[in-house]
Amino acid sequence: MVLADLGSKLSVALRKMANHTVIDQEVLDAMLADICKALLQADVNVAQVKQLRTNVRTAVNFDNLASGINKRKLIESAIMTELCSMLDPGVKPYEPKKKRPNVIMFVGLQGAGKTTTCTKYAHLYKRKGWKVGLVCADTFRAGAFDQLKQNATKAKIPFYGSYTETDPSVIAGDGVAKFKDEGYEIIIVDTSGRHRQEGALFEEMEQIAAATEPDDVVFVMDSSIGQAAHDQARAFKEKVKVGSCIITKLDGHAKGGGALSAVAATQAPIIHIGTGEHIDDFEDFEVKAFVSRLLGKGNIAGLMERMKEADVDLEGAEMMKRLASGQWTLRDMREQFQAVMKMGPLSNIMNSFPGMQGLDFRESSQRIKRWMTIMDSMTDAELDDPKLMSAERVLRIARGSGYYPSEVIELLEQFKMMQSTMQKTMKKNKKLGKQTDMR
Ligand code: GDP
């Protein structure tokens, strides 16, 4: 995952605070230096990094801190707030409305992943029960219509395009009109990403926008773009009314920070991220959950949501009840892992577990399999009451499972981390009046 490196550097910087008995300006400055370095290395815009440093310093003013305040927590939360505000332009994205046509135009440079993303977006809404159609308005690139047609056919999504018409705004206008007449709710318009000259590309986008009157314009950007992201995003924003962004290829090895931070600077929120070439490699983007995941805290709420979507039996009420009463056990964790393993590679999901960030499916499933074998060597009493765990028991479990004691301890740490994150989520939801809905 692109940002695994950034994520681990940020969490290491934060964890370093635990080595100091007294947290003072010097400790804060050293940590901020580490954090800024990590952000810059991930290609986050220089001005934004400087701003983050200034804002954290202002938020954590040692001269004015009330006595007894937990400085570590304060610093952690100031950094979390700043990272969130860097990715959040504070604007709500367009929300398609049921039972009426919503025209969504996709723009972005060729190779950004636009056509792939159009199909992913279409598939997502189709799965949710919307009537979805795809229009190919790219007449510049030979084979563009064939690519869209092929993707759409595979995903069983109706499409519109032409081999003979050469004016993209005519195709776009006709396609949108046809789908509107037929009562389609989400009409996606894929546009060209290249032209003989840059000016002509933008002119064509304006013409297509005039012909289709889109409700939202989605800007698709490749995460490997680096520091150039800022200028590119701004150029698109100036020409068409970009309302939302999708960042692609976050599964690759590029640095990613550039694209992520650039879009916020253009006032258009990120709505999804692309995490692979497959149609399901597409995730909702929620700033807070993303930053939590980046800082190694996992995204339990998102995990629950996706498991529910995939119809995984969460043992619903029973497990939730035990969790709420603080009785979530190793046995529960094992059952949850089993459920996720059954879902197969669909589960980019595994990255949502705390401690699993930055691993691909193969790595995380290997880790989970190892933990399952270790848990198989535990007694029923140990599975039901993690407090029983002692050094002797850890050694016995290690011998029985054929793993090192350090690996048994790693599993117990994972359990504690998940238990505390889940309890916090439960508490928060209780406050908000939600019960089993973990969002
Ligand atoms: P377009 O020119 O912008 O329409 O780009 P395409 O949709 O043709 O995508 C260009 C390449 O990027 C194709 O090989 C896609 O499979 C690949 N691609 C698109 N999105 C992703 C993604 O999220 N992850 C990965 N790894 N590849 C992607």
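Above this text is the structure in question.
Conventions adopted
- Think of each chain on its own: its residues are numbered from 1, step by step along the sequence as written.
- The predicted origin of the model limits local features to residues at a pLDDT of at least 70 and limits the giving and counting of side-chain atom pairs to 80 or more, whereas totals for whole chains, interfaces and linings rest on all residues.
- A helix here means a DSSP run of H or I that spans at least four residues, while a strand means a run of E at least two residues long, and both kinds are numbered starting from the N terminus.
- Contacts are defined on C-beta atoms placed from the backbone: any two residues whose C-beta positions lie within 7 Å are in contact.
- As a rule, any residue with its backbone-derived C-beta atom within 6 Å of a molecule or strand is reported as near that molecule or strand.
- Basically, the charged four are Asp, Glu, Lys and Arg, the nonpolar ten are Ala, Val, Leu, Ile, Met, Phe, Trp, Tyr, Cys and Pro, and anything else, Gly included, counts as polar.
- Each nonpolar core consists of buried Ala, Val, Leu, Ile, Met, Phe, Trp, Tyr and Cys residues. Their C-beta atoms, within 7 Å, join them into a set.
- Exposure classes come from backbone-placed C-beta atoms, where a residue is buried if 20 or more other C-beta atoms lie within 10 Å of its own, exposed if 12 or fewer do, and partly exposed in between.
- Start and end positions for the domains come from either an automated domain assignment or a database one.
- Between any two strands, at least two bridges found by DSSP are needed for them to pair.

Describing the overall build of the protein chain
- Along the backbone of the protein chain there are 18 helices and eight strands.
- A sequence separation of at least 24 residues applies to 75% of the contacts in the protein chain between residues at least 6 apart.

Thoughts on the site of the ligand
- Near the ligand lie 18 residues; those nearest to it are Gly113, Lys114, Thr115, Thr116 and Gly274.
- The greatest single-element share of the shell around the ligand, amounting to three residues, is contributed by helix 5 (residues 114-127).
- Counted by class, the shell around the ligand contains one nonpolar, twelve polar and five charged residues.

Brief notes about the nonpolar core
- One finds Leu134, Val135, Ile188, Val189, Phe219, Met221 and Val263 to be the most contacted residues of the largest nonpolar core, which totals 83 residues.
- Both domain 1 (4-87) and domain 2 (102-293) contribute no fewer than three residues apiece to this core.
- Leu134 has contacts with Cys118, Ala122, Leu148, Ala152, Ile157, Phe159, Ile188 and Asp190, leaving out every residue within four places of it along the chain.
- Judged by nonpolar contacts, the second largest core, of 16 residues, contains Trp328, Met333, Ile374 and Met422.

Things to note about unusual backbone geometry
- The backbone of Lys99 shows a phi angle near 60 degrees, a positive value even though the residue is not glycine.
- Looking at where Lys99 falls in the secondary structure, it is placed in the loop between helix 4 (71-87) and strand 1 (102-107).
- Phi angles above zero are rare outside glycine, and Glu213 is one such case at about 45 degrees.

Looking at the sheet that holds strand 1
- Read from one edge to the other, the open sheet built from eight strands follows the order 3-2-4-1-5-6-7-8, with strand pairing classed as mixed. Looking at the sheet topology across the chains shown, the edges are occupied by strand 3 (159-160) and strand 8 (282-284).
- In this sheet, strand 3 lies alongside strand 2 (residues 132-137) in parallel orientation, the contact comprising two bridges. Among the inter-strand pairings, Val135 is bridged to a residue of strand 3, identified as Tyr160.

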